[in-house]
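For reference, the chains in residue letters:
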Amino acid sequence: MSLRGKIAVVTGASRGIGRGIALQLGEAGAKVYVTGRDPKNKKVDPTLPSLEKTAREITQRGGQGVLVYVDHSDMTEVKTLFEKIDRENNGQLDILVNNAYAAVDSPEMKIRKFWEADPYLWDTINNVGLRNHYFCSVYAARLMVKNKNRNRLIVNISSIGGGTYLFGVAYGVGKGGCDRMAADMGRELKSSGVTVVSLWPGAVKTELMSRFAEKGLLSTDGIGGEDIKTMFKEAESPEYSGKAVVALATDPNSIKKTGQVLLTSDLGKEYGFKDIDGREIRIDINQWKTKPKI
């Protein structure tokens, strides 16, 4: 499945799912713009991958990695990113992956009751995790509707938290918003041939989530402790989501899926891809669902 000649942007690609998607797009031959905050403006954990490493590995795998430092809470910087892509590629943009997320290591995420957390947790989660996705999609769509190449694609990285309780109120509303955004943008862009979907990975062995699970720092109503540890030991790799995005980007009939919420494991079954370690991934949605306490 070749993406040679295609232009992609993956926001929040320093580590985790964003990095995994960017690497798979690069392996398929795409030119991939990867974004993340400038390390000069944030606390850097030297044990975690960097945006520079992601860009280098994209190129090593056969694509072209282009590093752009962007603070996705600053919409001026977001606009500048898409102006750069427009200028450097004669207006071509084929794939946008909305992945940037600012709250994964926020201490407030560990507080389960919304009234006990600082209400500004809403902004920490949803300014970058939802509002920024909207801005990126606007600027990307302006380029995509002018370009009649097939398989133009916008992917929102969401989670099952958009459909059931997981990690708190602000998180759930944000992920639900990502799903609704894909549905409504898909409706408005369908006549232009641009596919918009919301992607639900299962449990993913990202660098931080694996660390949090092992330390017992992850839980939700009805699930915690050893169950979480087991879930993440059996979880998919970050690159599995990348294989899903590549499959969609190379499917000439992807427009039939526009506006939908798609599970990575369902796409693996449909398109016949496996995780990078050869495993077939199966997501049991019911393991995440919890019964309301009455």
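Residues numbered from 1 in each chain as written. Predicted model: local features only at pLDDT ≥ 70, side-chain atom pairs only at ≥ 80, totals over all residues. Heavy atoms only, no water.

Undergrad: How do you make sense of the overall build of the protein when you look at a structure like this?
TA: Of regular secondary structure, the protein possesses 9 helices and 7 strands. Evaluated residue by residue, the protein yields a buried proportion of 54% over its 294 residues. Contacts in the protein between residues at least 24 apart in sequence constitute 75% of all its contacts with a sequence separation of at least 6. When the accessible surface of the protein is summed, it comes to about 13800 Å², and 50% of that surface belongs to carbon and sulfur atoms. (Helix = DSSP H or I, 4+ residues; strand = E, 2+ residues; numbered from the N terminus. Buried < 20%, exposed > 50% of the residue type's maximum accessible area, 1.4 Å probe, protein only. Contact = heavy atoms within 4.5 Å. Areas by Shrake-Rupley, 256 points an atom, 1.4 Å probe, with all protein chains shown as cover.)

Undergrad: Would you take a moment to explain the packing of aromatic side chains for this structure?
TA: Aromatic ring pairs: the centre-centre distance and the angle between the two ring planes describe each pair. Tallied over the entire structure, the rule returns 6 aromatic pairs. An angle of 90 degrees between the planes, with centres 5.3 Å apart, marks the rings of Phe114 and Trp115 as edge-to-face. In this structure Phe114 comes out as exposed when scored by relative accessible area, which is 57%. By relative accessible area, Trp115 is classed as exposed at 59%. Here Phe167 and Tyr171 contribute two aromatic rings whose centre-to-centre distance is 5.4 Å and whose plane-to-plane angle is 80 degrees, an arrangement assigned as edge-to-face. Overall, the relative accessible area of 11% leaves Phe167 in the buried class. Through successive ring pairs, a cluster of aromatic residues spans Tyr101, Phe167 and Tyr171. It is Lys175 that lies over the ring of Tyr101; its NZ or CZ is 4.7 Å from the centre. (Phe/Tyr/Trp six-rings, centres within 6.5 Å; stacked < 30°, edge-to-face > 60°. Lys NZ or Arg CZ within 6 Å of the ring centre and 35° of its normal.)

Undergrad: Quick question: what am I supposed to make of the environment of Thr80 here?
TA: Relative to the assigned elements, Thr80 resides in helix α3 (residues 75-88). Remark: the alpha-carbon pair of Thr80 and Val70, spanning 10 residues in sequence, is separated by 8.9 Å.

Undergrad: How should helix α1 (residues 16-27) be read in this particular structure?
TA: An α-helical segment advances 3.6 residues per turn. Residues three or four places apart therefore align on the same side. End to end, α1 covers 17 Å across 12 residues, agreeing with the expected 16 Å (1.5 Å per residue, within 8%). When you tally the buried positions in α1, you get 11 out of 12 residues, the bulk of the element. Two residues or fewer past α1, Gly29 is found with a positive phi of approximately 105 degrees. (Expected span 1.5 Å × (residues − 1).)

Undergrad: Just checking my understanding: could you explain the sheet that holds strand β5 (residues 152-157) for this structure?
TA: Strand-to-strand pairing in sheets goes through backbone hydrogen bonds, with the strands running parallel or antiparallel. Taken in spatial order, the 7 strands of this open sheet run β3-β2-β1-β4-β5-β6-β7, and their pairing is parallel. Two strands close off the open sheet at either side, each with one partner strand: β3 (64-69) and β7 (261-263). Recorded for the sheet is a direction-independent mean angle of 20 degrees between the axes of neighbouring strands. As paired strands, strand β4 (residues 95-98) and β5 are joined by 4 bridges and run parallel to one another. Across the sheet, residue Val97 finds its bridge partner in β5, namely Val155. Where helix α2 (residues 51-60) meets the sheet, its contacts fall on β2 (31-36) and β3, and the angle it forms with β3 comes to roughly 160 degrees. Packed onto the sheet, helix α9 (residues 264-271) meets β6 (194-200) and β7 and runs at close to 70 degrees relative to β7. (Pairing = 2+ DSSP bridges. Axes fitted to C-alpha atoms, helices over the stretch in contact; angles between N-to-C directions.)

Undergrad: So what exactly am I meant to see when it comes to empty space enclosed by the protein here?
TA: Leftover empty space is mapped by rolling, across the atoms, a probe with the size of a water molecule. Within the structure shown, the criterion is met by 1 cavity of 30 Å³ or more. Of the volumes computed, that of the largest cavity is approximately 40 Å³. Contributing elements (two or more residues each) for the lining of the largest cavity: α4 (121-144) and α5 (169-189). When residues in the lining of the largest cavity are grouped by element, the largest group, 4 residues, is from α5. Of the residues contributing to the lining of the largest cavity, the split by class is 4 nonpolar, 3 polar and 1 charged. (1 Å grid on protein atoms, 1.4 Å probe; cavity = no way out; pocket = protein on both sides within 12 Å on 5 of 7 lines; lining within 4 Å. Points joined across faces, edges and corners; volume = space filled by probe spheres on them. Nonpolar A, V, L, I, M, F, W, Y, C, P; charged D, E, K, R; others polar.)

Undergrad: Sorry if this is basic, but what is going on with the nonpolar core here?
TA: Side chains that are nonpolar tend, in soluble globular proteins, to be buried together. Within the largest apolar cluster, 45 residues are counted, with the highest numbers of intra-cluster contacts made by Leu25 and Val245. A per-element tally of this core places helix α8 (residues 238-249) first, with 7 residues. For Val245, the contacting residues outside a window of four places in its chain are Ile21, Leu25, Ile95, Val97, Leu153, Val155 and Leu199. Judged by nonpolar contacts, the second largest core, of 28 residues, contains Leu93, Leu96, Leu130 and Ile154. (Core = buried A, V, L, I, M, F, W, Y, C linked by side-chain atoms within 4.5 Å.)

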